[in-house]
Protein chains: 2
Amino acid sequence: MRLSPAISELIRALRVLPGVGPKSAQRMAFQILERQREGGLQLAKALNDAVEKVGHCSDCRTLTELAVCEICVDEQRRASGLLCIVETPADVLAIEQTGQYQGSYFVLMGHLSPLDGIGPDDIGLDVLAQRLAKEPISEVILATNPTIEGEATAHYIAELAQQHRIATSRIAHGVPVGGELEYVDQATLGHAFSGRKRLQFD
Amino acid sequence: MRLSPAISELIRALRVLPGVGPKSAQRMAFQILERQREGGLQLAKALNDAVEKVGHCSDCRTLTELAVCEICVDEQRRASGLLCIVETPADVLAIEQTGQYQGSYFVLMGHLSPLDGIGPDDIGLDVLAQRLAKEPISEVILATNPTIEGEATAHYIAELAQQHRIATSRIAHGVPVGGELEYVDQATLGHAFSGRKRLQFD
Ligand SMILES: [Zn+2]
Ligand SMILES: [Zn+2]
């Protein structure tokens, strides 16, 4: 017995979601068709809307429906002179939820990964260099993940900031090494910000 | 900082999926928008297609795009005289995957649950009674879940079959009590079929 083609296709398509294997995809498809048809249609609409409307902020590269995101248009945040570099929009959200940071962001949408062919321009470092040259940025805060790639990316950006004679710091205490920023609790992430260490160049 | 409305709505809509909490919904939304936009659009289309096309088989009530499903139109299966009663389409799929059953099905799309106001007609027992009256069914196999509601439903249907003087059996060995049929491995489910016990009425 084969499943109805429309059900099979729905199960296949659900596997695009992270953490969804064949068995949970099947369970999701049946639940939608048995009990959540309205919710299924709403999800379809939300997917179409989000993919259509959401692009990247021209200043910080985060995901937004606007040309320039809410944070980047905030004059007070720009005036702080602080620019925090993160890997993903989820990291921005996590840091915002601590309520302890009032500067701007730059979202790499990834990290340097030479083996995967991901170089500086692929994570927007050309755009970042232009911003460092033009804007009155007093400190670059490196909040990439404490992974090998995140550290290498932080190091690369630290050198870039150094070329523009901009002070650079790396968030510090509390973020567990090997962990991902997005999953750190708010208190720990707050500590990591307040305990950041200035990088020294000799 | 608030999330872009289209992203917030996508996160909200994803929570219709079973087992998806706020954090995984957020992770799914970001993954789609960062890396899986094409997959997101395919999922939207699959959802719309499935909700639009998939209805219920007029004979067995399972989910299908056809008026009468593939299994119900199979003359050999009808000729077997066996009718297996299950709670959900996922149960049909699980039983089919054992390859050990060659009869027909009747899918309740639930179970009796008086406290939730779910009575016999809500799970199609009026339709089942008509089939038991008209069709040459020699044995009703009760494969509802081994839960309190599933057992009560099985007992109710056993009495219905008894009224039509049709032999009734309950699948037996191997299905763990309190478990759900859908998640039982194929071998165990195969045993449950071959070891089914005839119900005795006195
Ligand atoms: Zn921005
Ligand atoms: Zn059918």
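Under the annotation held in an unreviewed UniProt entry, chain A carries the name Recombination protein RecR and is attributed to Pseudidiomarina atlantica. What UniProt states about chain A under its Sequence similarities (unreviewed entry) heading is, verbatim, "Belongs to the RecR family." Regarding chain A, the relevant UniProt record gives this comment under Function (unreviewed entry): "May play a role in DNA repair. It seems to be involved in an RecBC-independent recombinational process of DNA repair. It may act with RecF and RecO."

Novice: Would you explain the UniProt feature "zinc finger region: C4-type" (unreviewed entry) in chain A in this entry?
Specialist: On the UniProt side, "zinc finger region: C4-type" (unreviewed entry) is annotated at positions that read residues 57-72 of chain A here. Between the C-alpha atoms that bound residues 57-72 of chain A the distance is 8 Å, and the span itself is 0% helix and 12% strand.

Novice: How should the coordination of the zinc ion (ligand 1) be read in this particular structure?
Specialist: Any two of four tetrahedral donors ideally make an angle of 109.5 degrees at the metal, while pairs among six octahedral donors ideally make 90 or 180 degrees. Residue and element names in this part refer to chain A. Surrounding the zinc ion (ligand 1) are the protein donor atoms Cys57 (SG), Cys60 (SG), Cys69 (SG) and Cys72 (SG), at 2.3 Å. Each of the four donor atoms bound to the zinc ion (ligand 1) contributes to angles spanning 106 to 118°, and the resulting shape is tetrahedral. Here the donor residues for the zinc ion (ligand 1) map to a single chain with the spacing C-x2-C-x8-C-x2-C. For the pair Cys60 and Cys69, one class covers both residues: buried.

Novice: I keep staring at the coordination of the zinc ion (ligand 2) and nothing clicks. Help me out?
Specialist: Residues and elements named next belong to chain B. Looking at the zinc ion (ligand 2), the protein donor atoms are Cys57 (SG), Cys60 (SG), Cys69 (SG) and Cys72 (SG), and they sit 2.2 to 2.3 Å from it. Bound by four donor atoms, the zinc ion (ligand 2) shows angles of 105 to 118° at the metal and therefore tetrahedral coordination geometry. Sequence positions of the donors to the zinc ion (ligand 2) reduce to the motif C-x2-C-x8-C-x2-C. What makes Cys69 buried here is its relative accessible area of 5%.

Novice: Any chance you could explain the packing of helix H1 (residues 5-14) of chain B against helix H2 (residues 22-35) of chain B here in plain terms?
Specialist: Between two packed helices, the angle of one axis relative to the other and the distance separating the axes together describe the packing. Residue and element names in this part refer to chain B. It is the contact of H1 with H2, at a shortest axis distance of 8 Å, that shows an interaxial angle of 125°. Between H1 and H2, the angle falls in the class oblique. H1 and H2 meet at a crossing whose hand is right-handed. Across the interface between the two elements, Ile7, Leu10, Ile11 and Leu14 from H1 touch Pro22, Ala25, Gln26, Met28, Ala29, Phe30 and Leu33 from H2. For the contact of H1 with H2, the class distribution of residues is 10 nonpolar, one polar and no charged.

Novice: Is there a simple way to explain the relation of the copies chain B and chain A in this structure?
Specialist: Two copies of the chain are present, and they differ by a rotation about an axis and a shift along that axis. When chain B is fitted onto chain A, the two copies agree to an RMSD of 0.0 Å after a turn of 180° and an axial shift of 0.0 Å. Between the two chains, the operation in question is that of a two-fold axis. Using C-alpha coordinates, one finds that chain B approaches the rotation axis most closely at B:Ala44, a distance of 2.0 Å. A share of 100% of interface residues in chain B that are also interface residues in chain A marks the association as one of identical surfaces.

Novice: Help me understand the pairing of strand E5 (residues 139-142) of chain A, please; the structure alone is not making it clear to me.
Specialist: Taken residue by residue, a regular strand's side chains alternate between the two faces of the sheet. All names here are of chain A. Judged by which residues are buried, E5 turns out to be covered on both faces: Glu139 and Ile141 on one side and Val140 and Leu142 on the other are all buried. Across four bridges, strand E3 (residues 82-86) lies against E5 in parallel orientation. Its bridge partner lying in E5, Cys84 is registered against Ile141. By the bridge criterion, four bridges tie E5 to strand E6 (residues 167-170) in an arrangement that is parallel. Bridge pairing in E6 links Val140 to Thr168. On the question of chirality, the crossover connecting E5 to the parallel E6 by way of helix H7 (residues 148-163) is right-handed.

Definitions and cut-offs
- Residues numbered from 1 in each chain as written.
- Chains lettered and ligands numbered in written order.
- Predicted model: local features only at pLDDT ≥ 70, side-chain atom pairs only at ≥ 80, totals over all residues.
- Heavy atoms only, no water.
- UniProt positions renumbered as here; feature names shortened; annotations may be inferred.
- Helix = DSSP H or I, 4+ residues; strand = E, 2+ residues; numbered from the N terminus.
- Donors = N, O, S within 2.8 Å, 3.2 Å for Na, K, Ca; no water.
- Tetrahedral: all angles 85-135°; square planar, octahedral: opposite > 155°, others 65-115°.
- Buried < 20%, exposed > 50% of the residue type's maximum accessible area, 1.4 Å probe, protein only.
- Axes fitted to C-alpha atoms, helices over the stretch in contact; angles between N-to-C directions.
- Parallel < 35°, antiparallel > 145°, perpendicular 65-115°, else oblique.
- Left-handed = near helix turned anticlockwise from the far one by under 90°.
- Contact = heavy atoms within 4.5 Å.
- Nonpolar A, V, L, I, M, F, W, Y, C, P; charged D, E, K, R; others polar.
- Least-squares fit on C-alpha atoms with pLDDT ≥ 70 in both.
- Pairing = 2+ DSSP bridges.
- Right-handed = clockwise from strand over helix to strand, strands pointing away.

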